[in-house]
Amino acid sequence: MSDKAQQSLSPQNNQNAEVVGMNTTSVHLTYQQVSEVHTSESQQQLSLFSALARQPVKLHARLTHSSVMRSGLSALYQVVSSDLRYKPKDRAQYLAFKELQRTNQRRHILSAQQAYFNWLAENDPLAYCVLDPVVSVHPDCTTFEVFSKDESCYAQLTVDHNQLELLAPVSCGTTNVDFSAHFFQGVQQLRQYKTTEIHIGQQAVGLETAQQGEVLAKQTHLPDSWLRGLLQIQSAMQLPGDSFKLAPIDLYNVLHFLRLNRDVKGKKRGIKIELVPNQYPKLVLEPWEKVIESSAERWSGSEPKVIRIWGRRRLQHLQAFLSHAEYISVHLLDSGLPSIWQAQGEGVGLTLVLSGFTAANWSQAARFDLLLPRHQNINAEQFDALLSCLQKQPSNLDALTTKLNLSSSDTLALTQHGIQHGLISFNRLQQCFYYRPLLDQLPDSQQLRYRDDVFAEAMNLINNKAVSDVKQHWLPGDTVELTATLNASSKSPISTMIQVAEEGHVSKAECSCFTFVKQGMSQGPCAHIVVLRMTHFQQLQQPESDPIYERHYFTRRDVESEHIYLVQRHQQRVTLRWGKAGTSLRMQQWVFNTQQAAQSAVNEQKQRLIARGFIDATAR
């Protein structure tokens, strides 16, 4: 085996590795060769070798802008290799390495390395569970898709065929390509002044250095939660939300400030996006309250709002692409939910989706699950007709609705069903649906239905209407406390309490069940805590006609500071707090004879504040 082939191998290639304690999907990929970049004085070629066991695809073309492709592929590599989960200091791997080093001093270096990989596979099986990029060659474009290991970032690179000079007929289909650190290093050597060709296929084309007879094999164990997260993020790309545009310099200013200022421990780490009709959006970086004024276009929404997102450090993946982008299109679902960032320029587009939560942030994950319900009553004949249409030609929602002779809602349900089963992808740059089987064989849909057994039990409790006597009241610091009784299968009812902070995170939780008493939150929340969080979100989406508790947060920013108003109602009592952010707020209270009168007073205060230019920034 060549040295370059050895460089591409990683611990994930150990076919004996088994992920213990979780449901996984084993993916076996074989390649004829390692993907490489071949360069000469005047020519360079990107050779991406596709999986031998998957459908043969072929693309051989000449690139017009190689520097754009270099930046796009570099962003993909950063995403696929990123893992921002908290990692406590652990010397177990180092001690194991030193022990293996002592016992294998006289063993061949490859054998010693493989021994360490075997230990790593048994003790940290998810360290190298990376799926090679999914490449789809379509009649109009070619897409590359990757998903980070921590389920927090999805990226899609789209290359328009109109910007390519095709050198051979295109063979459409979906496959995986070898994408190693060796190939990434070769991509960094691409230069614009050289003639650049790209080749995607199972066999080498026009390369004197092609080495026949070598097969590169990779064995990857993908957790079902990882696959489920990838499919859910794909579904989120077509959900309705708020969209606006940024100039590349606007996003650069955000990234530049974050590079110069480290996060403050215990302080907020989000981006507040203030949207006011007919005004340029403002990006406010917490906790410094640094305001970044945008300059691309004014927001065309009908009412002002504030949306807070997290995961701002992951926007660094777009930095290398900013110099090629004409504009940045941003699509927001809601506070704490996935945000979609699209950069397009010179025939190449890069879409970055930040999930809004990681594996540890179950609170926002539970909320996101309710936005993507699994459709139960799907007509099999209609779904087969949808797949047949997309196999012939990619189409947008309106075209599919006409071809299938269905309503828009029914067609959307079919496309969501296909996306969550890994058969369809949605490209926001092209605004089209494509037939794209993610893997040759995906796990059963029921296996990917829930994040884990805890979420499955929680949904079962919600469906059985086990929640009763839900109460809430506001605590100092803009935190709401919720208590409820759950009539589960146990003999006695279970009491559960959670406290939801202003940002929507669960700051404290308690439960009387055996699981919580035994382990607390060290192994994650119990099903009863998840149920109460989901119930709270459902109540926010469908408020009662006469709620007992009510709270509204209003903000208005001037050149010097931010002014806030808090309007809160508890039955007949109305409390008003106001002042500058970060200072002690003044307070005033009224008590009314009826809840209807108190409700009318709250509505009057809301209208008065909106008329004065305040934005309703109430956290959901």
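Remember, predicted model here, so these are calculated numbers, not experimental data. (Residues numbered from 1 in each chain as written. Predicted model: local features only at pLDDT ≥ 70, side-chain atom pairs only at ≥ 80, totals over all residues. Heavy atoms only, no water.)

Visitor: So what's going on with the sheet that holds strand E7 (residues 153-160)? Which residues, and what values?
Guide: Strand order in the open sheet formed by eight strands is E9-E5-E6-E7-E19-E18-E17-E12, with antiparallel pairing between adjacent strands. Edge positions in the open sheet fall to strand E9 (173-176) and strand E12 (242-246), since each of these has one partner strand only. This sheet shows a mean twist of 15 degrees between the axes of neighbouring strands, independent of strand direction. The strands that helix H2 (residues 66-80) touches are strand E6 (141-147), E7, strand E18 (339-345) and strand E19 (348-354); relative to E7, the one it contacts most, it runs at about 160 degrees. On top of the sheet, helix H6 (residues 224-236) reaches E6, E7, E18 and E19; it is set at about 130 degrees to E6, its chief contact. (Pairing = 2+ DSSP bridges. Helix = DSSP H or I, 4+ residues; strand = E, 2+ residues; numbered from the N terminus. Axes fitted to C-alpha atoms, helices over the stretch in contact; angles between N-to-C directions. Contact = heavy atoms within 4.5 Å.)

Visitor: Before we move on, could you go through unusual backbone geometry and cite the residues and values that matter?
Guide: Of the consecutive residues glutamate 286 and proline 287, the connecting peptide bond is found in the cis state with omega at 0 degrees. Its identity is not glycine, yet asparagine 278 carries a phi of approximately 65 degrees, on the positive side. Take asparagine 278: it is sitting in the loop between strand E13 (271-275) and strand E14 (282-285). Positive phi values are uncommon outside glycine, yet glutamine 431 reaches one of about 55 degrees. The topology assignment puts glutamine 431 in the loop between strand E20 (424-427) and strand E21 (432-435).

Visitor: Could you give me a rundown of the packing of H6 against helix H11 (residues 408-420), with the residues and numbers involved?
Guide: Angle between the axes and distance between the axes are the two parameters that describe a pair of packed helices. Taken N-terminus to C-terminus, the directions of H6 and H11 make an angle of 155 degrees; their axes are 8 Å apart at the nearest point. Relative to H11, the element H6 is oriented roughly antiparallel. Crossing angle aside, the handedness with which H6 passes H11 is right-handed. Mapping the contact onto sequence places Leu231, Gln234 and Ser235 in H6 and Gln416, Ile419 and Gln420 in H11. (Parallel < 35°, antiparallel > 145°, perpendicular 65-115°, else oblique. Left-handed = near helix turned anticlockwise from the far one by under 90°.)

Visitor: Which residues make up the pattern of salt bridges, and what are the values?
Guide: Two side chains of opposite charge can pair, provided their charged atoms sit close to one another. Under the definition given, this model contains 14 salt bridges. Across the salt bridge formed by arginine 62 and glutamate 197, the nearest N and O atoms sit 3.4 Å from each other. Highlighted residues: arginine 62 in strand E4 (residues 59-63) and glutamate 197 in strand E10 (residues 195-201), separated in sequence by 135 residues. You can call arginine 62 partly exposed: its relative accessible area is 24%. A salt bridge links glutamate 145 to arginine 436; the nearest nitrogen and oxygen atoms lie 2.9 Å apart. With glutamate 145 in strand E6 and arginine 436 in the loop between E21 and helix H12 (453-463), this pair connects stretches of sequence that are 291 residues apart. Residue glutamate 145 is classed as buried on the basis of its relative accessible area, which comes to 6%. (Salt bridge = Lys/Arg side-chain N within 4 Å of Asp/Glu carboxyl O. Buried < 20%, exposed > 50% of the residue type's maximum accessible area, 1.4 Å probe, protein only.)

Visitor: Run through helix H10 (residues 397-404), naming residues and quoting values.
Guide: Among the residues making up H10, those that are buried are Leu400, Thr401 and Leu404. Burial along H10 is one-sided: seen end-on, the buried residues are contained in an arc of 100 degrees. Exposed residues on H10 whose side chains face more than 90 degrees from its buried face are Asp398 and Thr402. Those residues of H10 hidden inside the fold are in contact with helix H9 (380-392), H11 and E21. Two or three places before aspartate 398, at the start of H10, stands the capping residue asparagine 396, its side-chain oxygen 3.4 Å from that residue's backbone nitrogen. Of the residues flanking the end of H10, it is asparagine 405, one or two places downstream, whose phi is positive at about 60 degrees. (Arc of directions from axis to C-beta. Polar contact = N/O pair within 3.5 Å; in protein donor to acceptor, adjacent residues only side chain to side chain.)

Visitor: I'd like a description of the pairing of strand E26 (residues 549-557), backed by residues and values.
Guide: Of all the nine residues making up E26, seven are buried; the element is thus mostly covered by neighbouring parts of the structure. Pairing between E26 and strand E27 (residues 562-570): nine bridges, direction antiparallel. Of the residues in E27, the one forming a bridge with arginine 557 is glutamate 562. Linking E26 back to E27 in an antiparallel pair, the connection comprises four residues. With two bridges joining them, E26 and strand E30 (residues 615-616) adopt antiparallel strand pairing. Counterpart to threonine 555 in the pairing with E30 is isoleucine 615.

Visitor: So what's going on with the nonpolar core? Residues and values would help.
Guide: Counting 61 residues, the largest nonpolar core has Leu73, Phe144, Ile200, Leu251, Leu315, Ile328 and Trp341 as its most contacted members. At eight residues, H2 tops the list of elements feeding residues into this core. Ignoring anything within four residues of it in the chain, the contact list for isoleucine 200 reads Leu48, Val57, Lys58, Leu59, Val135, Thr142, Phe144 and Val177. (Core = buried A, V, L, I, M, F, W, Y, C linked by side-chain atoms within 4.5 Å.)

Visitor: Lay out the confidence of the model for the protein in plain terms, naming residues and giving numbers.
Guide: Overall, the prediction assigns the protein a mean pLDDT of 82, with 83% of residues at 70 or greater. Here helix H1 (residues 3-8) stands out as the element of the protein with the lowest mean pLDDT, 38, in contrast to helix H7 (residues 248-260), whose mean of 95 is the highest. Considering only residues more than four positions removed or in separate chains, one finds that residues 1-21, a stretch of pLDDT under 50, has 45 contacts. Segment residues 208-212 is flagged for pLDDT under 50; beyond a separation of four residues in sequence, or across chains, it makes seven contacts in the model. (pLDDT = per-residue confidence, 0-100.)

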